[in-house]
Amino acid sequence: TLVTHPRKNLIMNQNIFSLADKLSKPGLHKLGQSMINGETNLISKKHLFTGEEAWLFHAPLPSNGWSLGVVFPKEELLAGINKLQMELRAFAAGGMVLLLLAIWFIARSITRPLGILSNATEQMAMGKTCDLVSKIDSKDEVGRLAKSFCAMEREINKHIQQIEDISKLPGENPNPIFRAGATREVLYANKAAVTVLKDWDIKVGNSLPVIFHESIETALSLKKNQKLELDHGDKLFTFELMPVVESAYINIYGRDITKTRKAEKQLEKMTLERNRIESEVKLATLVQEGFLPESPPNLPKYEFSANTVPAKFVGGDFYDFIELGSNQLGIVLGDVSGKGVSAALYMARLMSDIRYVSLINPDPVQVISQLNNILASRSRKGMFATASYLLLDVENRKLKICNAGHHALMIRREGKILEAGKAGGIPLGIVENSNYIEEDLSLLPGDLVFLYSDGAVEPVNPQMEQFGMERIQSILLKSEGTPEETLKEISDAIQHFTQDAPQFDDMTFLMFKVH
């Protein structure tokens, strides 16, 4: 009896024998009899209704004496195996494609350099230079072959150039060219060799001068080019001896280097002169540095620092600390017009005058007035100086200031920037008996006093913007370091701002802090 079937009308209504009669399938009677007999079997049959290939399996059930038969379509039964088979075929096909690609790339990596070498050989055979070989960078035998090919091409080109030089018509080459055999006999000589080297009588059939013999023997024995430098009359020649060992002769190519050697000697002379000048200027730098204080003062309740950076080896900026007894300190910072040696010499004498005048009467107005008269009486045209002179009462924290055309000094006090010694007054050395003003100032603990030259505010960046006063003031307000550290912050900021552009003016800074 059919227990389950895709056609529901057959379930429990038909059995294997009724179907055999209905469909006229005698084979089903045999199958039914086999099941009744309790046999177990697996057979392949056509599906009764669809005609598809199918498997039928029947076996007895010991518990109740029944026999159970199940029909499986082959396609459904083998679906998993067929899918796996298709996947294996696809994988094999993909692997084969990859293998073929790998073989193609490997074969191409071998044949491509060989093709390049073949093309290069054809190009060289036609007299053309070929750069394709340089593209072969493999390390195997093909790469070594390519390197050998390049070396061969260089040698061939070199020999071709030598042959072209030798084969030029006498009137075409202004340089002396001649050929000699192993016996030193001249085999060929162009017109220049005969006329330019007439004292040596370089003619076909003649023997070369003895001065060539040793070099010819060396070139032929070593199979390498040799060079000679020889005087002929008032000229100097260089000769390159190029051996052709197979033919037992040597080609000699001469060139007049008289002008070249004269130029080299002139350049050497100029270099020595430049080095001498630089040495003297460096010495001048050391001398100028000797005029500046070796170190800042070391006073209780104060902390000093100063620095100058000339635009050239020497400059016109200056500063000084002048001890005027146990309780007074003279401080000066100034800028001489111009740059270089003239400004440095002017500055050196001015510093000597400042010390001399300060020791007589340290009052700032008196110092500046006397300096102005001294410089005006001996000033050369166009030379002058600006300066700011300070007299510090160390014990009482009092400061007297006199300004001669210089920048006002800055004071950082309680988070603000104040100015003292207002810019003004006539620069030193322009007009005699000029009037100058003195300013008194009381300092407080924590004050930071800053003096500077115009080279500190005028540096420009690639956009032609000046560093300016505001940037300096911003650094002063933000800095929490010592005067030395603060000055370094300002120098670094200027260098970063100008992006290491050339310095066009001297820069000088002086700073002290009150404790």
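Notes on the structure in this doc start here. Counting restarts for each chain, with residues numbered from 1 along the sequence as it is written. Whole-chain, interface and lining totals are the exception, using all residues; otherwise, since this is a predicted model, local features are given only for residues with pLDDT of at least 70 and side-chain atom pairs are given and counted only at 80 or more. Side-chain metrics rest on all non-hydrogen atoms present in the structure, leaving aside hydrogens and water.

**Observations concerning the overall build of the protein**
Next, step 1: Helices and strands together make up the secondary structure of the protein, namely 12 helices and 18 strands.
Next, step 2: Only protein chains enter the accessibility calculation, which uses a 1.4 Å probe; a residue whose area is less than 20% of its type maximum is buried, one above 50% is exposed, and one in between is partly exposed. Here the protein, with 515 residues, has 37% of them falling under the buried criterion.
Next, step 3: Any pair of residues with heavy atoms lying within 4.5 Å of one another is described as a contacting pair. A separation of at least 24 residues holds for 55% of the contacts in the protein among residues at least 6 apart in sequence.
Next, step 4: For the area figures, the Shrake-Rupley method with a 1.4 Å probe applies, and any residue is considered shielded solely by the protein chains shown. In the structure as shown, the protein presents an accessible area of about 30,900 Å², 56% of it carried by carbon and sulfur atoms. Going along the chain from the N terminus, every DSSP run of H or I of four or more residues is numbered as a helix, and every run of E of two or more is numbered as a strand.

**Section: a nonpolar patch on the surface**
Next, step 1: Patch criteria: residues need more than 30% relative accessible area and no salt bridge. Like-charged residues are merged within 9 Å; nonpolar side chains of Val, Leu, Ile, Met, Phe, Trp and Tyr are merged within 5 Å. When a carboxyl oxygen of Asp or Glu is within 4 Å of a side-chain nitrogen of Lys or Arg, the pair counts as a salt bridge. Side chains of Val97, Leu98, Leu101, Trp104 and Phe105 sit close together on the surface and give an oily, nonpolar patch of about 540 Å² of accessible area.
Next, step 2: Topologically, Leu98 is positioned in helix H4 (residues 79–125).
Next, step 3: When its relative accessible area of 58% is taken as the criterion, Leu98 is described as exposed.

**A word on the sheet that holds strand E15 (residues 416–420)**
Next, step 1: The pairing criterion is simple: DSSP has to find at least two bridges between the two strands. Across the sheet, 5 strands lie side by side as E9-E18-E17-E14-E15; this open sheet has antiparallel pairing. Bordering the open sheet on either side are strand E9 (302–309) and E15, each of which pairs with just one other strand. For this sheet, the mean angle separating the axes of adjacent strands, direction not counted, is 20°.
Next, step 2: Bridge count for strand E17 (residues 448–452) against strand E18 (residues 507–514) is 5 bridges, and the pairing is antiparallel. Each bridged residue has a counterpart across the sheet, and for Leu448 the counterpart in E18 is Lys513. Fitted lines through C-alpha atoms serve as axes, helices being fitted only where they are in contact, and the angles separating the N-to-C directions of these axes extend from 0 to 180 degrees.

**Quick look at the pattern of salt bridges**
When charged atoms on two side chains of opposite charge get close, those side chains can pair.
Next, step 1: All told, the structure shown has 11 salt bridges when counted by the stated rule.
Next, step 2: Ionic pairing is found between Arg261 and Glu264, a salt bridge with its closest N-O pair at 2.9 Å. Of this pair, Arg261 and Glu264 are both found in helix H8 (residues 258–291), 3 residues apart, which corresponds to roughly one turn of the helix.
Next, step 3: Between Arg276 and Glu273 there is a salt bridge, with the nearest N and O atoms lying 2.4 Å from each other. Pair noted here: Arg276 and Glu273 are both in helix H8, with a separation of 3 residues, about one helical turn.

**Comments concerning helix H1 (residues 16–23)**
Next, step 1: Of all the residues in H1, the buried ones are Ile16, Leu19 and Ala20. End-on, the buried residues of H1 take up no more than an arc of 105°, which puts them together on one face. Exposed side of H1, more than 90 degrees from the buried face: Asp21 and Lys22 are the residues found there.
Next, step 2: Close packing links the buried residues of H1 with helix H2 (26–36).
Next, step 3: Trailing H1 by a residue or two, Ser24 shows a phi angle of about 60°, which is positive. This arc corresponds to the set of directions leading from the helix axis out to the C-beta atoms.

**Brief notes about the sheet that holds strand E11 (residues 328–336)**
Next, step 1: The strand order E10-E11-E12-E13-E16 describes an open sheet built from 5 strands, whose pairing is antiparallel. The open sheet has two free edges, formed respectively by strand E10 (317–323) and strand E16 (438–442), since each of these has just one partner strand. On average, each strand axis in the sheet is inclined to that of its neighbour by 15°, with strand direction left out of account.
Next, step 2: Here 9 bridges tie E11 to strand E12 (residues 385–393), and the two strands are oriented antiparallel to one another. Each bridged residue has a counterpart across the sheet, and for Leu329 the counterpart in E12 is Leu392.
Next, step 3: Each of E12, strand E13 (398–404) and E16 is contacted by helix H10 (residues 364–378), which is oriented at about 20° to E13, the strand it contacts most.

**Details of the pairing of strand E5 (residues 186–189)**
Next, step 1: Two elements, strand E4 (residues 177–181) and E5, share 3 bridges in a ladder whose sense is antiparallel. Along E5, the bridge assignment pairs Ala180 with Val186.
Next, step 2: Between the antiparallel neighbours E4 and E5 lie 4 residues, among them Arg184 with a positive phi of about 70°.

**Details of unusual backbone geometry**
Next, step 1: Phi is positive for Asp201, close to 55°, though the residue is something other than glycine.
Next, step 2: One can find Asp201 in the loop between helix H6 (191–196) and helix H7 (213–222).
Next, step 3: Relative accessible area serves as the criterion here: at 35%, Asp201 is assigned to the partly exposed category.
Next, step 4: Backbone geometry places Asn433, a non-glycine residue, at a positive phi of 60°.
Next, step 5: Structurally, Asn433 is set in the loop between E15 and E16.
Next, step 6: We classify Asn433 as exposed; its relative accessible area is 62%.

**Things to note about the packing of aromatic side chains**
Pairs of aromatic rings are described using the distance from one ring centre to the other and the angle between the two planes.
Next, step 1: Any pair of Phe, Tyr and Trp rings, taking the six-membered ring for Trp, is counted once the centres come within 6.5 Å. Such a pair is stacked with planes under 30 degrees apart, edge-to-face with planes over 60 apart, and tilted for the rest. Following the criterion strictly, the structure yields 13 aromatic pairs and no others.
Next, step 2: Ring centres of Phe212 and Phe239 lie 5.3 Å apart, and the angle between their planes is 80°; on these two criteria the pair is classed as edge-to-face. Note that Phe212 is positioned in the loop between H6 and H7 and Phe239 in strand E7 (residues 235–244), a separation of 27 residues in sequence. Across the pair, exposure class does not vary: Phe212 and Phe239 are buried alike.
Next, step 3: Considering the side-chain rings of Phe467 and Phe497, the 5.4 Å spacing of their centres and the 75° angle between planes classify their relative orientation as edge-to-face. Taken together, the positions of Phe467 in the loop between E17 and helix H11 (468–478) and Phe497 in helix H12 (residues 483–498) put the pair 30 residues apart, joining distant regions of the chain.
Next, step 4: The buried category is assigned to Phe467, whose relative accessible area is 2%.
Next, step 5: Feature note: the residues Phe178, Trp200, Phe212, Phe237 and Phe239 constitute an aromatic cluster, connected by ring pairs.

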